[in-house]
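Chain by chain, the residues run as shown.
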Amino acid sequence: MKYRLLAGGSVLVVAAVLSACSTSSDSAAAGDPDEALTLVKELTGDTWQKKLALAMSYVPNRTSLASAVADDPGASAMAVGAANGRATPNTPGWAAVEAENPVKDYMTAVLVGFKADSPSASYRFACSWAVKGCADITGTFGTPANPTATADRYLEISFTAGAGTLAPGADTGDMQLRFHQANWQPLGQSDDHSFGQERSTYGDWSRITAHIGGATVWGEAPGGNGPTDPTDPPTDPAEGPTLFDDFNYSGHSDPKIAANGWSVRANSGGPGVPGANWVPENVTFANQGGNSVMNLETSTAGTAASTEQTEILTRSMKFRNGTYAARVKFSDAPRSGPDGDRLVQTFFTINDLKAPMADDYAEYDFEYLPNGGWGEPANILYTTSWETYRPDPWEAVNQHSEVRQSYAGWHDLVVTIDDSAITYYVDGQHFGTHGASYPPERPMSINFNQWLIDLAGQTSTTPRSYDQQVDYVLHVKDQVLSPAQVGALVSGYRAAGTTFEDTVPAV
C-alpha cells in the first residue's frame, strides 16, 4: 500500500492508494482492504489530523478541529478561507473528473462580473495550480465603467505571452483559480452577475465574457453588452504616421536603441530620491515566450547613494495628439529583499516646463504605486492630465482618475488625446476622461520610468530590487483609436515580423 498527502484547496486530505506491490513498511497492509480502511480512518481521525496540522501547518479536515492551528497565523487564516470558500482539490486530474473545458484559441482574457460584498470590500486572486503554470496567469480586480445591480466589480483573468497560443479546438488544461475577500469573510454569490447556482460541472457559460484587445468576443457583459458584431466600428485603423517598438534589443548599449530614437537615462536629478542614481545598465531585454520584453530594475539598500532608478525616453519631442499605447507589467513585490518601498511605475508623455506655471506644459501619466505614497496607504493606479505646475512652492493644475487596488501583472494601457478630451483605458476598460482644458500645446516625448518617492516606506538597509516590464509601445499620430483597434494594429505588426517602425515626422 502506498499513501499520498493531497492538499485539497487549503484543507489537508489523506488518500490511500492500493497497489499490487508492497514495501517493508506497508507489507502488513498490502492487499488487505480492511487494514487499509483502518489506516485511512486513523489518518483522517481527530488525533492524527491535529498532529499533522501542527507539524505541517495544514488545515485539518474538519472545521471542529480548526483550533489546532489557532497559534499559526497563516494556517489559521486558511482555515477561515477553507470554511467559507469553494476550493477544488489541488490535483491535476480534477478537470477530467468533471468535464472537458474547451477554450477558444483566440481568448486572451476572461471577465467575471460580481457584486461587491460591501462598498469597501477588497479582494485577492490566487492561482493554485494550472497545466500552463500559474506564472503565466494573472488576475486583476476592477470596477466596470457602468456598474449594475449585479456587477460593480469584475475579476479579469489574463494570460501572458509565456502561456503560448492555442490551436483551434485545443484546451489550456485545468486551471484551479480562486478569489476571496482580503479579510477572509464569507462571499455572497447569489446577487453576482456571473454566478449560476445550478452549474456544477464545466461547460459554456455566457455570463463570463472573453476579450481580445478590449473587444468582447464571447459572453454577455453586465448590462447586456454582448460580443462585437459587424455593426461595430472596424478594428483596422486607417493609415497614419506611427511609432511602434517591440523592444527587440540586446542590451542598454545596443546601438539600435539610439538609432531608433531612444535614450536610456544616465543623468542625475528628479523625480525620486534626491541623490539617487539613474543607471542605464539596469535597463535590460530578454525573450519571453518568443517575444522580447524590456525590464526596468530599480533597487535600493535604504540610502540615497545605494538607490538606482531607471528610465527610457524618446530623444525627440515630436508626439502630440493621437493614440498612445503600451503593454506594461506592474509588480507589487520586490524581486528580492524586503517589501514596502514607495515605488512609482510609469508610462507617460511629457514636455519641458519652461517656467513655473507655464501654460504650454503638458504631461499625461499612468502611475502605479504598489505600496502607496503621496498620502495613500496602499496600492493605487493614477492617470493624470497636467496643465501646468510650480515646483516651489508646490502648486499643480491637473485632473486625475484613480483606482485603489492591486494592478500586479500585465496590463494594456491606452490614452487618446485630441482637442476635445483625454481618455484613458486599462485592459480595454474605460478608466477616466479628462476635459478639453488639458490638451497639449507643444509636442512631447514618450517615457517609461521606475523610481522611489522616498526612503521612508521601508527603512531597512537590506538590498532589494523591483521590476517593471514593457512588452511594446505604440503611437498613432492624430488618430483616436479604440483599444480593440490598438490590439489589431499591434497584432498586424507582429504577424508581419515588424519589430520597429517610426513614420512620425520630426517637428
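Residues numbered from 1 in each chain as written. Predicted model: local features only at pLDDT ≥ 70, side-chain atom pairs only at ≥ 80, totals over all residues. Heavy atoms only, no water.

## What about the overall build of the protein?
When helices and strands are tallied, the protein shows 6 helices and 26 strands. When burial is assessed residue by residue, the protein has 45% of its 507 residues classed as buried. Long-range contacts, defined as pairs at least 24 residues apart, comprise 68% of the intrachain contacts of the protein with a sequence gap of at least 6. Surface summary for the protein: the accessible area is close to 23,500 Å², and the carbon and sulfur share equals 53%. (Helix = DSSP H or I, 4+ residues; strand = E, 2+ residues; numbered from the N terminus. Buried < 20%, exposed > 50% of the residue type's maximum accessible area, 1.4 Å probe, protein only. Contact = heavy atoms within 4.5 Å. Areas by Shrake-Rupley, 256 points an atom, 1.4 Å probe, with all protein chains shown as cover.)

## Concerning the pattern of salt bridges
This structure, assessed with the given rule, holds 16 salt bridges. Two residues, R335 and E297, come together in a salt bridge whose shortest N-O distance is 3.3 Å. Of this pair, R335 sits in the loop between β16 (322-330) and β17 (343-350) while E297 sits in strand β14 (residues 291-300); the two residues are 38 residues apart in sequence, bridging distant segments of the chain. For the salt bridge of D412 with R327, the shortest nitrogen-to-oxygen distance reads 3.1 Å. Taken together, the residues span a long stretch of sequence, with D412 in strand β21 (residues 409-417) and R327 in strand β16 at a distance of 85 residues. Residue D412 is classed as partly exposed on the basis of its relative accessible area of 25%. The structure contains a network of salt bridges with shared partners spanning D352, K354, D360 and R442. (Salt bridge = Lys/Arg side-chain N within 4 Å of Asp/Glu carboxyl O.)

## Structural notes on the environment of E363
For E363, the position within the fold is in strand β18 (residues 363-369). In sequence terms E363 and I446 are 83 residues apart; their C-alpha atoms lie 9.9 Å from each other. Dropping the residues within four chain positions of it, E363 is found in contact with F348, T349, I350, T384, S385 and W386. Separated by 2.3 Å, the side chains of E363 and Y361 make a polar contact. (Polar contact = N/O pair within 3.5 Å; in protein donor to acceptor, adjacent residues only side chain to side chain.)

## Examining the side chain of S385
Mapped onto the elements, S385 comes out in strand β19 (residues 380-391). Of note is the side chain of S385, whose polar atom sits 2.6 Å from the side chain of H434. The contacts of S385, once residues within four sequence positions are left out, are E363, Y364, N398, Q399, I422, Y424, H434 and Y438.

## Here's the deal with empty space enclosed by the protein
Over the atoms a probe the size of a water molecule is rolled, and this reveals where empty space is left. Inspection of the entire model under this criterion finds 2 cavities of 30 Å³ or more. Size it by volume and the second largest cavity reaches roughly 40 Å³. As for the second largest cavity, its lining consists of T140, F141, G142, Y154, E156, Q405, Y407, V426 and D427. Every element with two or more residues in the lining of the second largest cavity is listed here: β5 (137-142) and β6 (153-159). Among the elements that line the lining of the second largest cavity, the one with the most residues is β5, at 3 residues. (1 Å grid on protein atoms, 1.4 Å probe; cavity = no way out; pocket = protein on both sides within 12 Å on 5 of 7 lines; lining within 4 Å. Points joined across faces, edges and corners; volume = space filled by probe spheres on them.)

## Notes on the confidence of the model for the protein
When pLDDT is averaged along the protein, the result is 81; 78% of the residues meet or exceed 70. With pLDDT under 50 throughout, residues 1-30 is counted as low confidence; its partners more than four residues away or in other chains account for 66 contacts. Predicted confidence is poor over residues 94-107, with pLDDT under 50, and the contacts of this stretch with residues over four places away or in other chains come to 25 contacts. (pLDDT = per-residue confidence, 0-100.)

## Quick word on helix α6 (residues 483-495)
If you check α6, its first and last C-alpha atoms are 18 Å apart, about what 13 residues at 1.5 Å a residue would give, namely 18 Å. Taken together, the buried positions of α6 are P483, A484, Q485, V486, V490 and Y493. (Expected span 1.5 Å × (residues − 1).)

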